[in-house]
Amino acid sequence: MTVIHESGHVVCGWLGGGTLREADLAPWRLPQSRFAPDPQPLFTLWGGPVIGVLAPLIAALVIRQRWMWFIAYFCILANGVYLAIAWMSGHQQLDTARLLRHGASPISIAAFCVVTIAIGYVGFRRECLDLLADGQKDRDAPGNAEPDVGTDTR
């Protein structure tokens with residue numbers, strides 16, 4: 001999720017005419033990219049969460065496999081939750097504070113958070129329950145039953 005999100009910043013930064021100065025996608029640190037100059041900072045900043053949602057969604061529509069929907073809904077939920085938590089934290093280096101600093105409307109950020117969290121939660125929850133139900137069906141299938149331990153069959 002974080003690689004797709006950060007890649008969205010990088011792609012939109014380049015498309016907006018920015019010069020990439022630094023990109024860090026290491027999984028053990030908070031991913032980040034820096035453009036200087038960045039002629040369209042709002043485009044660059046919105047690129048992360050928007051591509052972070054759309055890329056997995058498009059992949060799920062194309063691949064049409066349950067596992068991809070599981071990933072897509074997780075990414076949708078995670079991008080919305082990230083912007084919401086970043087907003088509440090007020091940390092100035094996170095995307096939400098940077099979006100606000102560059103003129104993004106708080107209403108647009110709130111709308112993105114509400115929509116992605118709602119859709120992501122409902123879809124991710126459904127996929128989790130379906131996966132758990134399928135696992136239970138597999139365990140309950142004939143021939144897969146565990147023998148009763150301690151039952152005397154004499």
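Refer to the structure presented above.
Every value quoted in this text rests on a predicted model; they were computed, and no experiment measured them.

Peer 1: How should the pattern of salt bridges be read in this particular structure?
Peer 2: When their charged atoms lie close together, side chains carrying opposite charge are able to pair. Inspection of the entire model under this criterion finds four salt bridges. Where Arg66 meets Asp130, a salt bridge forms, and the shortest distance between an N and an O atom there is 3.6 Å. Here Asp130 lies in helix H5 (residues 106-140) and Arg66 lies in helix H3 (residues 66-89), a separation of 64 residues in the sequence. Assessed through its relative accessible area of 28%, Asp130 is described here as partly exposed.

Peer 1: Would you explain the nonpolar core in this entry?
Peer 2: In globular proteins that are soluble, nonpolar side chains generally tend to be buried together. Counting 14 residues, the largest nonpolar core has Trp46, Leu83, Leu99, Ala104, Ile109, Phe112 and Cys113 as the members making the most contacts within it. Contributing elements (two or more residues each) for this core: helix H2 (41-63), H3 and H5. Looking at this core, the element that brings in the most residues is H3, giving five residues. Not counting residues up to four positions away in its chain, the partners in contact with Cys113 are Gly80, Leu83 and Ala84.

Peer 1: When you look at the packing of aromatic side chains in this model, what are you seeing that I'm missing?
Peer 2: Any pair of aromatic rings gets described here by the distance separating the centres and the angle formed by the planes. Counted according to the given criterion, the structure contains four aromatic pairs. Measuring from centroid to centroid gives 5.0 Å for Phe70 and Phe124, while their planes differ by 40 degrees, and the two rings are tilted. Of the two residues, Phe70 is situated in helix H3 and Phe124 in helix H5; the sequence distance between them amounts to 54 residues. Members of the aromatic cluster, each reached through a chain of ring pairs, are Phe70, Phe74 and Phe124.

Peer 1: It is not clear to me how the side chain of His5 should be interpreted in this structure. Could you clarify?
Peer 2: With respect to the helices and strands, the residue His5 is situated in helix H1 (residues 2-15). Classification of His5 by relative accessible area gives buried; the value is 5%. A polar atom in the side chain of His5 sits 2.6 Å from the side chain of Asn79. Setting aside chain neighbours within four positions, we find His5 in contact with Gly48, Pro49, Gly52, Asn79, Tyr82 and Asp95.

Peer 1: Could you clarify how one ought to interpret the packing of H1 against H2 in this entry?
Peer 2: The geometry of a pair of packed helices is captured by two quantities: the angle between their axes and the separation between those axes. For the pair H1 and H2, the least separation of the axes is 6 Å and the interaxial angle reads 130 degrees. By the criterion of interaxial angle, the relationship of H1 to H2 is oblique. Remark: the crossing between H1 and H2 carries right-handed chirality. In contact with Ile4, His5, Gly8, His9, Cys12, Gly13 and Leu15 of H1, H2 contributes Phe43, Thr44, Leu45, Gly47, Gly48, Pro49, Ile51, Gly52, Ala55 and Pro56. Residues belonging to the contact of H1 with H2 are distributed by class as follows: nine nonpolar, eight polar and no charged.

Peer 1: Which parts of the structure should I look at to understand H3?
Peer 2: Within an α-helix, residues lying three or four positions from one another point in the same direction, as the helix has 3.6 residues per turn. The end-to-end C-alpha distance of H3, which contains 24 residues, comes to 34 Å, matching closely the 34 Å that a straight helix rising 1.5 Å per residue would cover. The set of residues buried in H3 consists of Met68, Ala72, Tyr73, Cys75, Ile76, Leu77, Ala78, Asn79, Gly80, Leu83, Ala84 and Ala86. Residues of H3 that are buried in the fold lie against H1, H2, helix H4 (95-101) and H5. Immediately beyond the C-terminal end of H3, within one or two residues, lies Gly90, with a positive phi of roughly 75 degrees.

How each quantity is defined
- Residues numbered from 1 in each chain as written.
- Predicted model: local features only at pLDDT ≥ 70, side-chain atom pairs only at ≥ 80, totals over all residues.
- Heavy atoms only, no water.
- Salt bridge = Lys/Arg side-chain N within 4 Å of Asp/Glu carboxyl O.
- Helix = DSSP H or I, 4+ residues; strand = E, 2+ residues; numbered from the N terminus.
- Buried < 20%, exposed > 50% of the residue type's maximum accessible area, 1.4 Å probe, protein only.
- Core = buried A, V, L, I, M, F, W, Y, C linked by side-chain atoms within 4.5 Å.
- Contact = heavy atoms within 4.5 Å.
- Phe/Tyr/Trp six-rings, centres within 6.5 Å; stacked < 30°, edge-to-face > 60°.
- Polar contact = N/O pair within 3.5 Å; in protein donor to acceptor, adjacent residues only side chain to side chain.
- Axes fitted to C-alpha atoms, helices over the stretch in contact; angles between N-to-C directions.
- Parallel < 35°, antiparallel > 145°, perpendicular 65-115°, else oblique.
- Left-handed = near helix turned anticlockwise from the far one by under 90°.
- Nonpolar A, V, L, I, M, F, W, Y, C, P; charged D, E, K, R; others polar.
- Expected span 1.5 Å × (residues − 1).

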